[in-house]
Amino acid sequence: MSLAVTGHRHSNAVLEANLTEVEAVLSDLFDHIDARMNASPHVLGEVRLHNLLAEGVDQITARSALERGWLLVAPLPFGSDLNCAINAMPTTASDARALAQGGEAQDADVQARATALKELVGKARVFQLAEQDALIEQLYLAALEKPTDFARQRAFEAQSNDRVGMAGQIMIERADLLIAVWDGKVSNLRGGTGHTVIAALECACPVLLIDPANPESWTILTRPEDVLTRPGNDIAALDAIIDRSINIVPEGARLPIDAEQWHGNKSRIWGLYRWLEKTFSGSARPAAAADITSAEPGRPVSEAARDLPVVDAAQLEAIEHVIEPQFEWTDGISSWLSDAYRSGMCLNFILAAFAVIIGAAYLPLELAAQKWIFASIELLLLLLIVAITLIGKRYDWHGRWFETRRVAEYLRHGPIMILLGVIRPAGRWPRSEGSDWPENYGRHSLRSTGLPEITLSQAYLREAARTLLLSHVRDQQDYHTSKARRLLEVDHRLDKLAETLFILAIISVSIYLALKLGATVDVLPYAWPTAVSLTLTFLGIALPTSGASIAGIRFFCDFERFSAISQVTAGKLSDIGDRISLLLDGPDDAISYRTLREVTHGVDAIVVEELESWQAVFSGKHISLPA
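No experiment lies behind these values; they were computed from the predicted model shown. (Residues numbered from 1 in each chain as written. Predicted model: local features only at pLDDT ≥ 70, side-chain atom pairs only at ≥ 80, totals over all residues. Heavy atoms only, no water.)

## Some thoughts on the overall build of the chain
Here is step 1: Per the secondary structure count, the chain includes 23 helices and seven strands.
Here is step 2: Its C-alpha atoms give the chain a radius of gyration of 32 Å, more than 25% over the compact-globule value 25 Å for 627 residues.
Here is step 3: Dimensions of the chain, computed from C-alpha atoms along their principal axes, come out at roughly 120 × 55 × 45 Å.
Here is step 4: Considering the chain as a whole, with its 627 residues, one finds that 54% of them fall into the buried category.
Here is step 5: Summarising the internal contacts of the chain: among those between residues at least 6 apart in sequence, 79% fall at separations of at least 24.
Here is step 6: Split by element, the accessible area of the chain, about 27600 Å² in all, is 57% carbon and sulfur.
Here is step 7: On the chain, the mean spot of the 57 positive side-chain charges and the mean spot of the 78 negative ones are 6 Å from each other. (Helix = DSSP H or I, 4+ residues; strand = E, 2+ residues; numbered from the N terminus. Rg over C-alpha atoms; globule rule 2.2 N^0.38 Å. Buried < 20%, exposed > 50% of the residue type's maximum accessible area, 1.4 Å probe, protein only. Contact = heavy atoms within 4.5 Å. Areas by Shrake-Rupley, 256 points an atom, 1.4 Å probe, with all protein chains shown as cover. Lys, Arg positive; Asp, Glu negative; His and termini not counted. Charge placed at Lys NZ, Arg CZ, Asp CG, Glu CD.)

## A short note on the confidence of the model for the chain
Here is step 1: When the pLDDT values of the chain are averaged, the result is 89; 94% of them are 70 or greater.
Here is step 2: Counting contacts from residues 287-299, a segment whose pLDDT is below 50, to residues more than four positions away or on other chains yields 27 contacts. (pLDDT = per-residue confidence, 0-100.)

## A word on the pairing of strand β5 (residues 177-181)
Here is step 1: Summarising burial for β5: five of the five residues are buried, a large majority.
Here is step 2: Covered by surrounding structure in β5 are L177, I179 and V181 together with L178 and A180, the residues of both alternating faces.
Here is step 3: With five bridges joining them, strand β1 (residues 2-7) and β5 adopt parallel strand pairing. Across the sheet, the residue bridging to V5 is I179, located in β5.
Here is step 4: Bridge count between β5 and strand β6 (residues 207-210): four bridges; the pairing is parallel. If you follow A180 over to β6, its bridge partner there is L209.
Here is step 5: Note on the crossover from β5 through helix α9 (residues 193-202) to β6: the handedness is right-handed. (Pairing = 2+ DSSP bridges. Right-handed = clockwise from strand over helix to strand, strands pointing away.)

## Thoughts on the packing of helix α14 (residues 313-359) against helix α17 (residues 397-412)
Here is step 1: Where α14 contacts α17, the axes come no closer than 8 Å and their chain directions differ by 150 degrees. Between α14 and α17 the crossing geometry is left-handed.
Here is step 2: When its residues are assigned to classes, the contact of α14 with α17 shows twelve nonpolar, seven polar and five charged. (Axes fitted to C-alpha atoms, helices over the stretch in contact; angles between N-to-C directions. Left-handed = near helix turned anticlockwise from the far one by under 90°. Nonpolar A, V, L, I, M, F, W, Y, C, P; charged D, E, K, R; others polar.)

## Things to note about the environment of L19
Here is step 1: Locating L19 in the fold gives a position in helix α2 (residues 19-39).
Here is step 2: Owing to a relative accessible area of 18%, L19 belongs among the buried residues under this scheme.
Here is step 3: Between the C-alpha atom of L19 and that of P364, which follows or precedes it by 345 residues, the distance is 96 Å.
Here is step 4: In contact with L19, other than residues within four places in its own chain, are H10 and I60.

## A short note on helix α21 (residues 527-557)
Here is step 1: Compared with an ideal rise of 1.5 Å per residue, which puts 31 residues at 45 Å, α21 spans 46 Å between its outermost C-alpha atoms and is within 8% of the ideal.
Here is step 2: Of all the bends found along α21, the most pronounced is centred on S533 and spans about 50 degrees.
Here is step 3: Phi turns positive one or two residues past the end of α21, at D558, with a value near 50 degrees. (Expected span 1.5 Å × (residues − 1). Bend = angle between axes of the 7 residues up to and from the residue.)

## A word on the nonpolar core
Here is step 1: In terms of nonpolar packing, the biggest core is built from 113 residues, with V207, Y460, I580, Y593 and F618 touching the most fellow members.
Here is step 2: Once residues lying within four places of it in the same chain are set aside, the contact partners of I580 are A465, L469, L470, V473 and V599.
Here is step 3: Counting residues in each nonpolar core, the second largest holds 58 residues, with L3, V25, L76 and V181 among its members. (Core = buried A, V, L, I, M, F, W, Y, C linked by side-chain atoms within 4.5 Å.)

## Digging into the sheet that holds strand β4 (residues 125-128)
Here is step 1: In spatial order, the strands read β4-β3-β2-β1-β5-β6-β7; together these seven strands make up an open sheet with mixed pairing. Every interior strand has two partners, whereas the edge strands, β4 and β7 (219-221), have only one. Between one strand axis and the next, the sheet turns through 25 degrees on average, direction left out of account.
Here is step 2: Two elements, strand β3 (residues 71-76) and β4, share four bridges in a ladder whose sense is parallel. From the neighbouring strand, L76 faces β4, where its bridge partner is Q128.
Here is step 3: Of the strands in this sheet, β5, β6 and β7 touch helix α11 (residues 235-246), which is tilted by about 50 degrees from β7.

## What about a nonpolar patch on the surface?
Here is step 1: Together, I503, L504, I507 and I511 give the surface a local cluster of nonpolar side chains, amounting to about 330 Å² of exposed area.
Here is step 2: The topology assignment puts I511 in helix α20 (residues 458-520). (Patch = residues over 30% accessible without salt bridge, like charges linked within 9 Å, V, L, I, M, F, W, Y side chains within 5 Å. Salt bridge = Lys/Arg side-chain N within 4 Å of Asp/Glu carboxyl O.)

## Brief notes about the side chain of E277
Here is step 1: Residue placement: E277 occurs in helix α12 (residues 272-281).
Here is step 2: Residue E277 is classed as buried on the basis of its relative accessible area, which comes to 2%.
Here is step 3: Separated by 2.7 Å, the side chains of E277 and R486 make a polar contact. (Polar contact = N/O pair within 3.5 Å; in protein donor to acceptor, adjacent residues only side chain to side chain.)

## Observations regarding the environment of A4
Here is step 1: As for its placement among the helices and strands, A4 is situated in strand β1.
Here is step 2: The spatial distance from the C-alpha of A4 to the C-alpha of T279 is 54 Å, given a sequence separation of 275 residues.
Here is step 3: Apart from the residues within four sequence positions on either side, A4 is in contact with H50, M171, A175, L177, L178 and I179.

## A short note on the packing of aromatic side chains
Here is step 1: Across all of its chains, the model carries 17 aromatic pairs by this definition.
Here is step 2: Relative to F618, the ring of Y341 has its centre 5.9 Å away and its plane inclined at 75 degrees; by these criteria the two rings are edge-to-face. Here Y341, found in helix α14, pairs with F618, found in helix α23 (residues 593-618); they are 277 residues apart in sequence, far enough to count as distant. We note that Y341, like F618, is buried. (Phe/Tyr/Trp six-rings, centres within 6.5 Å; stacked < 30°, edge-to-face > 60°.)

## As for the packing of helix α8 (residues 150-173) against α23
Here is step 1: The geometry of α8 relative to α23 is characterised by a closest axis approach of 11 Å and an angle of 35 degrees between their N-to-C directions. Crossing of α8 over α23 shows left-handed handedness. Residues D162, M166, Q169, I170 and E173 of α8 form the contact with α23, whose own contacting residues are Y593, R594, R597 and H601.
Here is step 2: Taken together, the residues of the contact of α8 with α23 break down into three nonpolar, two polar and four charged.

## What to know about the pairing of β6
Here is step 1: Residues V207 and L209 point to one face of β6 and L208 and I210 to the other, with burial holding for every one of them.
Here is step 2: The pairing of β6 with β7 spans three bridges and is antiparallel. Among the inter-strand pairings, L208 is bridged to a residue of β7, identified as I220.

## A look at the environment of N247
Here is step 1: Residue position: N247 is located in the loop between α11 and α12.
Here is step 2: Sequence separation of N247 and A98 is 149 residues, and the distance between their C-alpha atoms is 48 Å.

Next up, the structure:
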């Protein structure tokens, strides 16, 4: 379970007046969470508590978390030294400068606050947003040197509040629950407690709100509007949040991915769809991304990450040995299920056409006495169609394909996000009809690596933008561009083939009618239409039946719509790629963590939109009889 905490500093009069009661309520809540976690059979690792380690509630809860053996995670808005200098609240520029340079302050109270903060930082997993430290330190020292210069104060506050707000957003994205000690008065100060509460609710992250004036009557908020109504505290609602955060599947159920089996090679039986795509697109082979044939494809993300200026070795190991194998596993299984499902349905259309054609094949062969043989073959083909349909439904090819493909796509670009300290908030994962285990599985897998324990710098951001993000975006853009072109060609050629078969059917029927008319008016010999009637009748059955089969495959596979989806996705990725290129072409300080976060979330949104569009097309197309 992942918790986040925000709250007032000791300078808040109401908090100080009720500090003992607030600490007792927080302790009771932490004990309850611990007990609930220990009683659950689904616990996935330790409890993680995220906060910014600011003086006050942050540090109180940080110490409480460490006492319980929880993992303390701190996304610091500045590098650790500058963060210490700011949060120790020195009153002189000399003390601030000394702390910012890793030294000690002359003021005993300031140094005591600095020591307390450094002690917690040393015990936490720290993600330091330090790429703007030089500018912010300059503004901070300037503001302290002239405390009556309000312009300097506003310049520093604007920059520092923005960084604190961004650090708060990072912890919200990873939280199942935000615990907030807030008096409810100010919510528009960026980086403040109230602002963090509203930001969490807007991200669909529930908030357990403790009013320091009445701490025992805590309440759980789930929407921004709840701030106005303040519904009463509900321990059952808290338990539901805890259970939902740690339960991927209902108690006693088996995780569906555990039941899947790896298919090392492409299926010969279920390779029809790939063959159709390859043959009618004119390409040498279908998309490589859907053609996994071994359990050990290349791992470009983990390899590229080693070239970054700094690397969290533990996180990189988790990406290489957990996330990437999970992606390869689910991607390979999904590809096999996709082939089985789509090939099975395409085979049904083709077998249906063959059943009709073979059932009428005795006509041109003039084997009426042996019609039972053709009827028997027709029956076998019809029974085969029924068998394929029943097998597809029995083993739920459609549903399992949807589920495993969702997991694979979540994990495909996830490592790039987590290397940048970015993740989709828990409340912003897609909602799908039926099972939601793929979203829970993807969320737990990606956040299991935690925040990278690194100090961000301009060099890190620039290299990450170039080698990780831009490379991924361009690769996906090229894939979707090629896919759109290929599928459009398949659709066009299948359409032409179906049209040709119908035209030939019209011609065959027209020839018979012309011969019959000619014989009727004594222009042609009477024996001519009689001699070819059975053959032309057969063609009049076989050709439109074949054309309808091809049209059915084209309609079912929806090549044109998938081409359009990929074309739109490629266009969006192109725009994002251009934005990254412009950042890389700019001056050294053009890339900030904020801009790179926005771009990364933009890529994530494109992935989700493409996935939802794909699901919307195929959600109602279950394997069925080609009737």
